[in-house]
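These are the residues of each chain, in order.
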Amino acid sequence: MAGPSTGTSQEIETLRRYLNGLSPEACAKVAAELEREARAGGRAGLDVVLQELHAGLRGRFPAEQERRELANAPQRLFFQPLGPFLIDEAPAKAPGGKFHASNASAAKSRGRIPRSSLTAVWTWIARDLVPADAKTYVEAVTALMPDDEAAAARLAKSFQDHVLVRMRAALEQAGRDEVAARRLAAQFGAQREVEDLRDIVAVLRARDALAAIASRLPPVIRNLADETMAGVRAVFNAPLTRHPEVFPYALVVLMGRLGQPWQIIRFAARMAETDQAAKIAEMPAAAAAVELAFAELERRAPELGPALRRRDMGTFAQTLKDVHDFVRGFRTELDLAGGSPWAKRLAAVRKDVASLLSDEIAAGSAEVRRLLKPRNRREAAAEPLIPAPDVAAAEDAVELVLLCRNYASEIALNEATQRAMSELNALLDAGTAALIESLRAAGDAERAFRRSQLDLAVALARRVLGDPFAQLLAKSVELATQGRPTEDGRPNETGRPGEQAPSPGPAGERRRVARS
């Protein structure tokens, strides 16, 4: 397999030039943002980009940040081989929450190590496993950094080999002795972290093999097909990769390089030379790729709810796209007919996602209706302006509907999104006529609130019905604010000067423009 393409090398060189033009503080922000995206399972190839980024940033941090980097260097270098396997913890699921079907399989996925476990493992190493050796290692690495990171990396590799022997012995003893198993769990505080330790040991044991495999894969695989597929299959057909202690982790490395991670499903079908789920399940290598894809889907799907609760629509949009792409990949790359376990597993995830998002769509639509509900004079005079948080919540509700509509078919949301879009269209088109008429006739006490309702309607209409409609609606609102009819300076709809017809609203305005 060839190394990085010319385009990728050019992109890295462009990044280097860009960073050289930034202040140290700005560089640090770029690094922090890319690391956050990498932890969230972001774009393919970030591990390669971050490696280049850290090399360019070395020595350019502000003094305090430089000090923190040096303090963290021993731990960072020790865990460096784990980079492609680290994930952020899946959000905790509240009792009675969604994703019931996913809970069992989300417990532990081989080759996926929560970043939070690293602190617990390092504490165990330094406190319980090899305290004296760990202290010596930390002091030696700190003395070498930042001037000789290459020597520090060699020292870290040697310490990994030393600690690996002790970690394997501790796990083997825990496997034979129930007392030792309880003691190990108590040292960590959670059994899940002991399971993560097993993955850490496996990755460190396969460290050199995985590095060799990674060097033969392109840094970014934008589309796993044709020649690229043939090259990747050649890497995975090599004896080094097919070793049972290496193969599951090599799959994780591959998925991290995929520009479209769902294509690991396509890779499973190509390895098995069939799309029949039952046949793939009988082939351990191909089945492992499918299981990895399910683990990734079941990890990402529960992140939708927390992203909405944080009102982080950017993260929500990307996560929803990822979920949609995995679901579509399962449905198009594999034949899941016949009620296979994988078919049932996929159906359960789709049901959970649809249930969560249908409820969120319904709640958001209800909030928009509440904010744009016509009020009588007494109610309008008593209301303050629509608060900015309520405006933002309404905009997010509309954005949610629009995003879900894009992916409705694969995640079983057609009915919910169609119903919500129909309600929004009616509310923002014909429904604004009453609001415009109320604004035109409003007294001073109620005018500000009524105007705030229509300002919100204009903002939402721009997203739902487009700019031309929103401009017409905004024009009608401005005229109503002045107490003037919509058709300023023209005969009104009755055809009799001096007699004002009911406001046609934006829908009537659109008809007038069409006639003219």
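Small disclaimer: the values here were computed from a predicted structure and weren't measured.

Go over the overall build of the chain with me, naming the residues and quoting the values.
Assigned secondary structure in the chain consists of 26 helices and 2 strands. The proportion of buried residues among the 516 residues of the chain is 46%. When the accessible surface of the chain is summed, it comes to about 24700 Å², and 53% of that surface belongs to carbon and sulfur atoms.

Can you break down unusual backbone geometry residue by residue, with the values?
The phi angle at Arg311 is positive, at roughly 60 degrees, despite the residue not being glycine. Here Arg311 is to be found in the loop between helix 17 (304-309) and helix 18 (313-333).

Describe in detail the pattern of salt bridges, supporting the description with residues and values.
Opposite charge on two side chains lets them pair, provided their charged atoms get close. In this structure the tally under the stated criterion is 37 salt bridges. Across the pair Lys135 and Glu139 runs a salt bridge, and its minimum N-O distance is 2.7 Å. With Lys135 and Glu139 both in helix 6 (residues 131-144) and 4 residues apart, the pair spans about one turn of that helix. The exposure class assigned to Lys135 is exposed, which follows from its relative accessible area of 52%. Residue Glu139 is classed as partly exposed on the basis of its relative accessible area of 47%. Among the ionic pairs, Arg266 bridges to Glu333, the shortest N-O distance being 3.3 Å. Of this pair, Arg266 sits in helix 14 (residues 264-272) while Glu333 sits in helix 18; the two residues are 67 residues apart in sequence, bridging distant segments of the chain. On the basis of relative accessible area, Glu333 is assigned to the buried category, the value being 14%. A network of salt bridges, in which partner residues are shared, links Arg112, Glu296, Arg299, Arg300, Glu303 and Asp322.

A description of the confidence of the model for the chain should follow, citing residues and the corresponding values.
Scored by pLDDT, the chain has a mean of 84; 76% of the residues are at 70 or more. Per-element confidence in the chain ranges from a low mean pLDDT of 46 for helix 26 (residues 505-515) to a high of 97 for helix 14. Scored below 50 in pLDDT, residues 1-7 shows 10 contacts in the model against residues more than four places distant or in partner chains. Counting interchain partners and residues more than four positions distant, the pLDDT-below-50 stretch residues 509-516 has 13 contacts.

I'd like to hear about the packing of aromatic side chains, residue by residue, with values.
Under the defined criterion, the tally for this structure stands at 12 aromatic pairs. With a centroid separation of 4.3 Å and 10 degrees between ring planes, the pair formed by Tyr137 and Phe159 is classed as stacked. Taken together, the residues Tyr137 in helix 6 and Phe159 in helix 7 (residues 149-176) connect sequence positions 22 residues apart. You'll find Tyr137 and Phe159 in the same group, each marked buried. Through a chain of ring-to-ring contacts, three or more aromatic side chains come together here, namely Phe78, Phe79, Trp122, Tyr137 and Phe159.

Which residues make up the environment of Leu217, and what values go with them?
Mapped onto the elements of the fold, Leu217 is located in the loop between helix 10 (207-216) and helix 11 (226-237). Through-space distance from the C-alpha of Leu217 to that of Val253 is 9.0 Å; in sequence the pair is 36 residues apart.

Describe helix 14, with residues and values.
Extensive coverage of helix 14 is indicated by the burial of 8 of its 9 residues. Along helix 14, the residues classified as buried are Ile264, Ile265, Arg266, Phe267, Ala268, Ala269, Met271 and Ala272. Against the buried residues of helix 14 lie helix 11, helix 13 (247-257), helix 15 (277-281), helix 16 (284-300) and helix 18. Phi for Glu273, located one or two positions after helix 14, is positive at around 60 degrees.

Describe the side chain of Gln263, listing the residues and the values that go with them.
Structurally, Gln263 can be placed in the loop between helix 13 and helix 14. Of the residues examined, Gln263 reaches a relative accessible area of 1% and is grouped as buried. Within the local environment of Gln263, its side chain forms a polar contact with the side chain of Asn223, the two groups lying 2.9 Å apart. Discounting residues that sit within four places of it in the chain, Gln263 has contacts with Asn223, Leu224 and Leu258.

Any chance you could break down the packing of helix 13 against helix 16 for me, citing the residues and the numbers?
Viewed as axis vectors pointing N to C, helix 13 and helix 16 meet at an angle of 50 degrees, and their least axial separation amounts to 10 Å. Taken together, the axes of helix 13 and helix 16 are oblique relative to one another. Between helix 13 and helix 16 the crossing geometry is right-handed. Note on element contacts: helix 16 touches helix 13 through Ala285, Ala288, Ala289, Leu292 and Glu296, opposite Phe247, Leu251, Val252 and Met255. When grouped by side-chain class, the residues that make up the contact of helix 13 with helix 16 number 8 nonpolar, no polar and 1 charged.

An account of the nonpolar core is needed here, citing residue identities and associated values.
Core analysis: the largest hydrophobic core is formed by 139 residues, its most contacted members being Ile125, Ile264 and Phe316. Looking at which element gives the most residues to this core, the answer is helix 19 (residues 341-372), with 12 residues. Once you skip the residues sitting within four places of it in the chain, Phe316 turns out to touch Leu304, Ala307, Leu308, Leu357, Leu400, Leu403 and Cys404.

Please provide a residue-by-residue account of helix 10, values included.
Here helix 10 has its buried residues at Arg207, Ala209, Leu210, Ile213 and Ala214. For helix 10, the buried positions fall inside an angular range of 165 degrees around the axis, keeping them on one side. The inward-facing, buried residues of helix 10 contact helix 7, helix 9 (191-205), helix 11, helix 12 (239-242) and helix 13.

Can you tell me about the side chain of Glu193, naming the residues and giving the values?
If you trace the backbone, Glu193 turns up in helix 9. Buried Glu193, no salt bridge; nearest opposite-charge side chain is Arg127, N-O distance 8.6 Å. Those residues in contact with Glu193 that sit more than four places away from it in its chain are Ser117, Ala120 and Phe188.

If you had to explain the environment of Leu144 to someone new, which residues and values would you point to?
Relative to the elements of secondary structure, Leu144 occurs in helix 6. Distance from Leu144 to Leu155, taken between C-alpha atoms, is 9.7 Å for residues 11 residues apart in sequence. For Leu144, the residues in contact, after removing those within four places along its chain, are Ala151, Ala152 and Leu155.

Here is what the cut-offs are and how they apply
Residues numbered from 1 in each chain as written. Predicted model: local features only at pLDDT ≥ 70, side-chain atom pairs only at ≥ 80, totals over all residues. Heavy atoms only, no water. Helix = DSSP H or I, 4+ residues; strand = E, 2+ residues; numbered from the N terminus. Buried < 20%, exposed > 50% of the residue type's maximum accessible area, 1.4 Å probe, protein only. Areas by Shrake-Rupley, 256 points an atom, 1.4 Å probe, with all protein chains shown as cover. Salt bridge = Lys/Arg side-chain N within 4 Å of Asp/Glu carboxyl O. pLDDT = per-residue confidence, 0-100. Contact = heavy atoms within 4.5 Å. Phe/Tyr/Trp six-rings, centres within 6.5 Å; stacked < 30°, edge-to-face > 60°. Polar contact = N/O pair within 3.5 Å; in protein donor to acceptor, adjacent residues only side chain to side chain. Axes fitted to C-alpha atoms, helices over the stretch in contact; angles between N-to-C directions. Parallel < 35°, antiparallel > 145°, perpendicular 65-115°, else oblique. Left-handed = near helix turned anticlockwise from the far one by under 90°. Nonpolar A, V, L, I, M, F, W, Y, C, P; charged D, E, K, R; others polar. Core = buried A, V, L, I, M, F, W, Y, C linked by side-chain atoms within 4.5 Å. Arc of directions from axis to C-beta. Lys, Arg positive; Asp, Glu negative; His and termini not counted.

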